[in-house]
Amino acid sequence: MLWHSPSKSLKEEDTLEEFCKEILTEWLKERTTDAKGMNDEVEKIANMIEKQAQIVVKQKETSEDDKQRKAALLAQYANVTDEEDEGEEEEGAQAASGITLPTDKSLFKNVNVESVMNAKKLEREAMKEGAQKKKEQDKLQREKDKLAKQERKEKEKKRTQKGERKR
């Protein structure tokens, strides 16, 4: 730093002009070294960007067999959506009864629907049982509260009767 270590020491015979020139020359030296450092950083960043641009993502090659399977699945799902639009009434009746009929056009049987429906049915039954238990517990609690209230009334009545007898 210029302020900490000047090349010349300040003497009385030095003029102000010489001292200012020395400060300016040192400042210019520092400024040029800072600019070179910035240029180096810019060059490094530019090189990194160029390397990234050279990296090419390889396209995944799919076999003819995979393409045929994909086309068959897409065609099946396209048929399913068309059938859903045409036969919504039939599906409503089937869903209400819990019966699913396999179609001849499908490539595989969808067992997931059955398992989901069974799981929902079990969940509904569990909820019904829980609600029934809670209803019974509430009823018992009301009866207990009623008995406790009645006992408090009887105790109060006895206490007041004793107080009247003593008078």
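About the criteria used
- Residues numbered from 1 in each chain as written.
- Predicted model: local features only at pLDDT ≥ 70, side-chain atom pairs only at ≥ 80, totals over all residues.
- Heavy atoms only, no water.
- Helix = DSSP H or I, 4+ residues; strand = E, 2+ residues; numbered from the N terminus.
- Buried < 20%, exposed > 50% of the residue type's maximum accessible area, 1.4 Å probe, protein only.
- Areas by Shrake-Rupley, 256 points an atom, 1.4 Å probe, with all protein chains shown as cover.
- Patch = residues over 30% accessible without salt bridge, like charges linked within 9 Å, V, L, I, M, F, W, Y side chains within 5 Å.
- Salt bridge = Lys/Arg side-chain N within 4 Å of Asp/Glu carboxyl O.
- Lys, Arg positive; Asp, Glu negative; His and termini not counted.
- Charge placed at Lys NZ, Arg CZ, Asp CG, Glu CD.
- pLDDT = per-residue confidence, 0-100.

Scanning the protein chain from N- to C-terminus turns up four helices and zero strands. Looking at the 167 residues of the protein chain, the share that counts as buried comes to 2%. Accessible area for the protein chain stands at about 16600 Å²; split by element, carbon and sulfur atoms hold 54% of it.

As a further point, take a positive patch on the surface. Side chains of Lys155, Lys158, Lys162, Arg165 and Lys166 sit close together on the surface and give a patch of like positive charge. Mapping Lys162 onto the fold places it in helix α4 (residues 112-166).

The full count for this structure, using the stated rule, is six salt bridges. Asp65 is paired through a salt bridge with Arg69; the nearest N and O atoms lie 2.6 Å apart. In this pair, Asp65 and Arg69 both sit in helix α2 (residues 64-86), four residues apart, roughly one turn of the helix. Connected through salt bridges with shared partners, the residues Asp65, Asp66 and Arg69 form a single ionic network.

Turning our eyes to something else, we now look at the confidence of the model for the protein chain. Per-residue pLDDT for the protein chain has a mean of 77; in total, 69% of the residues score no lower than 70. Looking over the protein chain, one finds the lowest element-wise mean pLDDT in helix α3 (residues 88-97), namely 54, and the highest in α4, namely 92.

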